[in-house]
Structures are given as structure tokens and as C-alpha cells.
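Architecture at a glance
What follows is the residue order along each chain.
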Amino acid sequence: MANILFKNLAEDHTVAVTMPNYGYSIEYHMPISKVKALDSSYPDAGFFDPPDENEPPVYGTFDYRLCKIPAWILPSDSKLAMNAFFDSPLYGRGLNCIMDLGNTSTGFFPFGLDKGDTGKFTVRLLESTDSGMRLSPYKRFVESYTFVLVSTDNVAPIFTEALQGDFQIGTCTGLLYPQAGFKPNSEKLIYNDISIAGVPDSIIGPAAAFSYISAFELLCNDSRAYTLLDGLINTVRSNDVTIIAPLFYYIFGYDKGTSGTYTCKLLGSTDDENETVIIMTHNGYQQWIIPLKFWRKS
């Protein structure tokens, strides 16, 4: 089994540990704030994606990425090496260090498909756990680790194009129908109350103010995950994005049709209004789970 090498920045101290198993996640944090209007819509003016100071401005300068490994199965020698390295103020305790995956494809993409599964990453350990030895898996330690990417010169490998379905988000075609279906939600500005005697009272807003959101989880192979995420973080961001749904998708519920071309806003994988976070979990070979949520603009 391939190993990960952790090194101090001077690269004069190295420890080798076993590669993490599947189930780790990459989080893309984009500082795009979102303000919801009183009618439950997300107007263009409610999105703010901070640019840098260049002319023309460049967006994405303040993005950052996390690698979250919830269950890293470590034999005792790897556990000893990790503790010694990250507990030392000379190597990894509160310091940047190097995660070196070597020059041969590992299948481990700690910070996204676009950064590859080989080469060196400058990282910092943010959080870790310290568990006892397990009986299952026998004589192993199961730990969680969170790393932030500081820098890397790595570029994406070449992925073989493999379409999976007929769903399209932005310029990413060939997406598979979400295997758990769509979870549409409509806010129709009806505020109901009931008196102490059980008498209902309702305040009804205008029908034109109906707001539609759809949440779903995509199952993607490497090529679809790479193309989708590249579009979302480099092109879409807070801009309009077109979603094309074939027959019988009902992406925004029955009211908005079995199929269609929709202009949407990306809300991310979480409900955080202060930033837009996209999460992708590597669950197996060519298997990426990507939860997403979009607001229908038109």
C-alpha cells in the first residue's frame, strides 16, 4: 500500500504513514455571502463575492480548501509517527508542513480532483482526534484529521471523459440523475396562525413572490466531478447558472414542470448564508458524492 510522507518545510525530517481509506471529503469554501429578501428570493444584489485588488478584479483569491478524513485507519507504527510529527513544535505542531504523495498516482485527492493525486501540498493540521486501539479493525487506531491547503503547484491529471446521464448544470453535461431524487422546496408566502379557540388566520403574499429551491446529491465519476466543480468554483460562483433537466425530473417540484431549462443561483452544499461551501466526498473508486442546492431564478 502506498504511503503519505509528511515533511517539515525544510524537508530534512520525514515520516511515512499509511494512505487514508475512502470516505474523506474536500470542502471548497468560497466567501460568497447571500442575503435572502423578504419574499424569500435571492436577488442578484444579495450576493457578494469579494474580488482582489487587481484590474480587472480576480475572483476566488480568498477561497480555501479543507481535507476532512473522518476515519483514518492507522496501524500502531503510523499512529506513533503521526503523533510524534504533529506534536512536535519543530515539525507540525501549529506549523505548515508538506504532505507528499510522490510521483505515482495514488487515487487519493486530498484537495480536489483539480489538484491531483500526486505531488506535494503545503498544509496545516487544524484538528485531530486521539482514540484508543480498536478490536475491529483489529489493533488499529481510527482517527479523524482536518487539513487546510496552504499552497500547491499541482495541476489536474487528464481524466477520460465519461458521461453518465442527461442532466446538465452549467457547461457540465452528462450528469447522472440524483440517485436519492430531488428535494424541492417552495416558499409561497402564506403565514398561518391559530387562535386559542382553534380559529385559523392567514396572511397571504403575492403569488409572484413564490420561491423555489431544489436540493439533491449527485453521484459522479472522476470526469463529471472534475468538470462540475471546475465550473462551479471558477465560472459560476455568484453568477447565474443554467440547469437543464430532461423529462420526469421535476427538479423544482410539480408546479415547475417535468423538465425544462432553468436559470438558477448556486447556494452551495450547506445552508451557511455567510459563505458558499461545496462538499465532495470520495466514497469509492470513481464515486464522488456532491450535495448541492440551487434557487430557481426563472
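This text goes with the structure placed above it.
Residues numbered from 1 in each chain as written. Predicted model: local features only at pLDDT ≥ 70, side-chain atom pairs only at ≥ 80, totals over all residues. Heavy atoms only, no water.

Let us now look at the nonpolar core. By size, the foremost hydrophobic cluster in this structure holds 67 residues, and its most contacted members are Phe6, Phe147, Phe167, Ile169 and Leu292. No other element matches helix H2 (residues 222-236), which puts six residues into this core. Excluding residues that lie within four positions of it along the chain, Phe6 makes contacts with His13, Thr14, Val15, Val17, Trp72, Met82, Phe85, Phe86, Cys97, Ile98, Met99 and Phe147. (Core = buried A, V, L, I, M, F, W, Y, C linked by side-chain atoms within 4.5 Å. Buried < 20%, exposed > 50% of the residue type's maximum accessible area, 1.4 Å probe, protein only. Helix = DSSP H or I, 4+ residues; strand = E, 2+ residues; numbered from the N terminus. Contact = heavy atoms within 4.5 Å.)

For Lys115, the position within the fold is in the loop between strand E7 (97-100) and strand E8 (120-128). Notably, Lys115 is buried but unbridged: the nearest opposite-charge side chain belongs to Asp114, and the N-O separation is 4.8 Å. Setting aside its immediate chain neighbours within four residues, Lys115 contacts Arg65, Phe121, Thr152, Asn154 and Val155. (Lys, Arg positive; Asp, Glu negative; His and termini not counted. Salt bridge = Lys/Arg side-chain N within 4 Å of Asp/Glu carboxyl O.)

Our next topic: the packing of aromatic side chains. Scanning the model with the defined rule gives 26 aromatic pairs in all. Between Phe6 and Phe85, the aromatic rings sit 6.2 Å apart at their centres with planes inclined by 40°, giving tilted as the arrangement. Of this pair, Phe6 sits in strand E1 (residues 3-7) while Phe85 sits in helix H1 (residues 76-86); the two residues are 79 residues apart in sequence, bridging distant segments of the chain. Taking the relative accessible area as the measure of exposure, Phe6 reaches 0% and is therefore buried. A ring pair is formed by Phe252 and Tyr262, whose centres lie 5.2 Å apart and whose planes are at 65°; its orientation type is edge-to-face. (Phe/Tyr/Trp six-rings, centres within 6.5 Å; stacked < 30°, edge-to-face > 60°.)

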